[in-house]
Each structure stands twice: as structure tokens, then as C-alpha cells.
Amino acid sequence: MNGKMTRREALKRLSATLITTAAAFSGLSALTSCKGGRRKRTILYFTATGNCLYVARELSDANTELLSIPQLMKQQRFDIEADEIGIVYPIYGHMPPNMVRRFIQKARLKADYKFAVLTYGARKCNAVEIWDDISRRAGHAFDYINTLIMVDNWLPNFDMNEQMKIDKHIPEHLQQIAADLAAQKHWHEPVSEEERQMHAGFMAYAGLNPEKGFLMDSKKYFTVTDACIGCGICASVCPRGNYELTSQGVKMQGDCEFCLSCIHNCPQKAIRFAKNEHDPLLGRGEVNPDARYRNEHISLMDIKRANSQF
Ligand SMILES: Cc1cc2nc3c(=O)[nH]c(=O)nc-3n(C[C@H](O)[C@H](O)[C@H](O)COP(=O)(O)O)c2cc1C
Ligand code: SF4
Ligand code: SF4
């Protein structure tokens, strides 16, 4: 044919290319395990305002099991086995939530491929290395660790209404991560020396214990105003079960992840940060006490199911 393709051959080649590309992006190539069956992926997640649950769902297919870490902790379930195990969590001061740290220290993970996706809102610093270190010390080396920028739910620094307007190119980044996972890529997002130094500076300023991260005393940090209607949502969305409805109103106590699930999900915006000018984290109070956030793809019921300790 003098090196020329017929129209039929060209169409055949085009459709083969399209099928291969679609398979890579939809994760289809990840569906077959080396034993020949469909590959099972289990994703463990921690979420307060829904970003991580959304990401976990987006990285799922019909053969994926999604498990909430607060529920696993409640059940004291630490044995997880699948062809691929993933973890999705929000970074707090570039570190994992305390509960995620405790979970990984107790977990017995059995999988050929392990990946972690860390969501953040503005500055990730050396979050990837921090997870690599914590998980390795717990006996779990992760093959793939990446970060994903989303809405920043940290109320002391950000106005949620402004955050929601910023295009952070989430679908494009998610598509790239899905393709990496479909190819079982072995990769850790690189960290610069400047990012390591920024984290060290933050820790010195915030005075946090690097072995615990953000583990606070809820009573010291939050107050409930008269706007409270006693709906009990705060009690259902707290992954620590810190809230209780009493005849004198809502009471809270106990070690706190500082996840801000209670404060963001209260329909009355009745939960506020307690004023403490001497606290390096809360010295400036809130940027906009009237603005609260939950990921647009995630319902209040989803957050309750993920976190309720009842
Ligand atoms: C206590 C706390 C600390 C945070 N620290 C950081 C941080 O160091 N860097 C950053 O970029 N985002 C930080 N964030 C923002 C969250 O990591 C981000 O919004 C995340 O996607 C929220 O996930 P979720 O909706 O699943 O809870 C912090 C949020 C909280 C509540
Ligand atoms: S969620 Fe808000 S309004 Fe509902 S009980 Fe808790 S503090 Fe009160
Ligand atoms: S009290 Fe609020 S911030 Fe603390 S763990 Fe519970 S929901 Fe998260």
C-alpha cells in the first residue's frame, strides 16, 4: 500500500488507541490482579469536610471498598487485606491527623501495592516525607505518595467563601493520580530543602509535638454560642465523639483531632473558636466566622456515616 493506511485500518488503529487511553484513565488496567482475577482496591480515609471522602470516591471503581478510619478505630479493626490499599487524609500542619497516625501504628496491611494521597489547601511542605517516615516506622512502606490541593478548611487563615472561588484544577490533578494508580506507579512526590525548613519553622512557631501533631483539648478551643438549637449534628460528625447533648445544652470534652468537622458542619454556625490571643494558632481568631465549608459532592449524612462514634 506504499506505506499508506486504508481508511478502515486508520479507524481500527484510532479505536484501539482510544480504548487503551480510556482504560488507563478509568483505572480499568488496574482491575486485573497478577493472579488473573479482578484486582481489589481498599481505600482508607479520614475526612472532616468531605475533601478526602470525595477523593477516595473518585479513585474507586465497582471493585473498591471504602473504609472510614474513625469507624475502623471504633471497631478496633486493624487487619486489612486487598490487592491494593490506599489511604487518603487531610494534612494538619503538614502532618497526618493524630487518629490516622494511631491507626497506621496498629494496622496490619496486606497488599501488593500501597498508595497514599494527602489533601491540603495551601502549603504542603514536606508532608510526603512525614508520611513516609511515620508509615515506615510502623512497618508499612508506601509505593506511591502524592498530594492534592483542594479547598483549605483552616478557618483561622482562610475565608471559606473566597477559598471556594479559587480554581485549584482538582479534576485534572485527580485524573493524573488515577492514571498513576492504574499503572501502579512507584513514586513519591519530591520535597525541597526549603519545604523541610518551612515545616521546621512552623513547628517551632506552633509549639506542636511532632509525635502527636494537632492533638488538642476540645474544651479549651471551642465554645458554643446561644445560636445552638440542640440538633446534635456536632455529636454525630465528631470522629472522637467529643460532643454530648445534655439538659444544659451541648457539652464537649476530650482529646481533639482539630479536624474542624464540628465547627464547619454546625448548621447554626454556633460553634466558634475560643478567643486566645496568646495561642500562636488562634491569635488572629477567624477570618470569616460566617463562612463554613463542606465539599460540594459530599452530604452531611456522608460525614455522619464516616465519623459518628454512636
Ligand atoms: C488543623 C488543620 C490544619 C491544617 N493544616 C494545613 C497545612 O499545614 N497546609 C495546608 O495546605 N492545609 C492545611 N489544612 C487544610 C486541610 O488539609 C484541607 O482543607 C483538607 O483538604 C481538608 O480535608 P477534608 O475536607 O477531608 O477534611 C489544615 C486543616 C486543619 C483543620
Ligand atoms: S450542631 Fe450546632 S446547633 Fe446543632 S447541637 Fe451542635 S452546636 Fe448546636
Ligand atoms: S471536637 Fe470538633 S475538631 Fe475536635 S475532633 Fe471533634 S469534630 Fe474534630
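Residues numbered from 1 in each chain as written. Chains lettered and ligands numbered in written order. Predicted model: local features only at pLDDT ≥ 70, side-chain atom pairs only at ≥ 80, totals over all residues. Heavy atoms only, no water.

Asker: Sorry, what's going on with the site of ligand 1 here?
Answerer: Around ligand 1, 24 residues are found, and the nearest of them are Thr-47, Thr-49, Thr-119, Ala-122 and Val-151. Thr-47 is positioned with one of its side-chain polar atoms (N or O) 2.6 Å from an oxygen atom of ligand 1. Here an oxygen atom of ligand 1 sits 3.2 Å away from a polar atom, N or O, in the main chain of Gly-50. Where the shell around ligand 1 is concerned, the elements lending two or more residues are helix H2 (51–58) and strand E6 (113–120). Looking at the shell around ligand 1 residue by residue, the classes come out as 13 nonpolar, nine polar and two charged. (Near = heavy atom within 4 Å. Polar contact = N/O pair within 3.5 Å; in protein donor to acceptor, adjacent residues only side chain to side chain. Helix = DSSP H or I, 4+ residues; strand = E, 2+ residues; numbered from the N terminus. Nonpolar A, V, L, I, M, F, W, Y, C, P; charged D, E, K, R; others polar.)

Asker: When you look at the pattern of salt bridges in this model, what are you seeing that I'm missing?
Answerer: Proximity of charged atoms lets side chains of opposite charge pair with each other. Applying the stated rule across the entire model yields 17 salt bridges. The salt bridge involving Glu-84 is made with Arg-41; its shortest N-O contact spans 2.7 Å. Taken together, the positions of Glu-84 in strand E4 (residues 84–90) and Arg-41 in strand E1 (residues 41–45) put the pair 43 residues apart, joining distant regions of the chain. This pair shows no difference in class: Glu-84 is buried, exactly as Arg-41 is. In this structure, Glu-193 engages Arg-196 in a salt bridge whose closest nitrogen and oxygen atoms are separated by 2.8 Å. Of the two residues, Glu-193 and Arg-196 are both situated in helix H8 (residues 193–206); the distance of three residues between them amounts to about one turn of the helix. (Salt bridge = Lys/Arg side-chain N within 4 Å of Asp/Glu carboxyl O. Buried < 20%, exposed > 50% of the residue type's maximum accessible area, 1.4 Å probe, protein only.)

Asker: So what exactly am I meant to see when it comes to the site of ligand 3 here?
Answerer: Taken together, 13 residues sit near ligand 3, with Cys-238, Cys-256, Cys-259, Leu-260 and Cys-262 positioned nearest. By residue class, the composition of the shell around ligand 3 is nine nonpolar, two polar and two charged.

Asker: Whenever I open this one, the packing of aromatic side chains confuses me. Can you help?
Answerer: We describe a pair of aromatic rings using the distance from one ring centre to the other and the angle between the two ring planes. Evaluated as defined, the whole model comprises 14 aromatic pairs. Ring geometry for Tyr-144 and Trp-187: centres 6.1 Å apart, planes at 40°, overall tilted. Here Tyr-144, found in strand E7 (residues 144–149), pairs with Trp-187, found in strand E8 (residues 187–188); they are 43 residues apart in sequence, far enough to count as distant. On the basis of relative accessible area, Tyr-144 is assigned to the buried category, the value being 0%. Here a set of aromatic residues connected by ring pairs shows up, and it is made of Tyr-92, Trp-154, Phe-202, Phe-214, Tyr-221, Phe-222, Phe-258 and Phe-273. (Phe/Tyr/Trp six-rings, centres within 6.5 Å; stacked < 30°, edge-to-face > 60°.)

Asker: How do you make sense of the sheet that holds E7 when you look at a structure like this?
Answerer: Paired through backbone hydrogen bonds, the strands of a sheet run either parallel or antiparallel to each other. If you walk across this open sheet you meet the six strands as E2-E1-E4-E6-E7-E8, and the pairing is parallel. The open sheet has two edge strands, strand E2 (64–68) and E8, and neither has a second partner. Bridge analysis of E1 against E4 gives five bridges, and the strand direction is parallel. Bridging from a neighbouring strand, Arg-41 pairs with Glu-84 of E4. Its contacts with the sheet place helix H7 (residues 170–182) against E1, E4, E6 and E7, and it is angled at close to 170° to E7. (Pairing = 2+ DSSP bridges. Contact = heavy atoms within 4.5 Å. Axes fitted to C-alpha atoms, helices over the stretch in contact; angles between N-to-C directions.)

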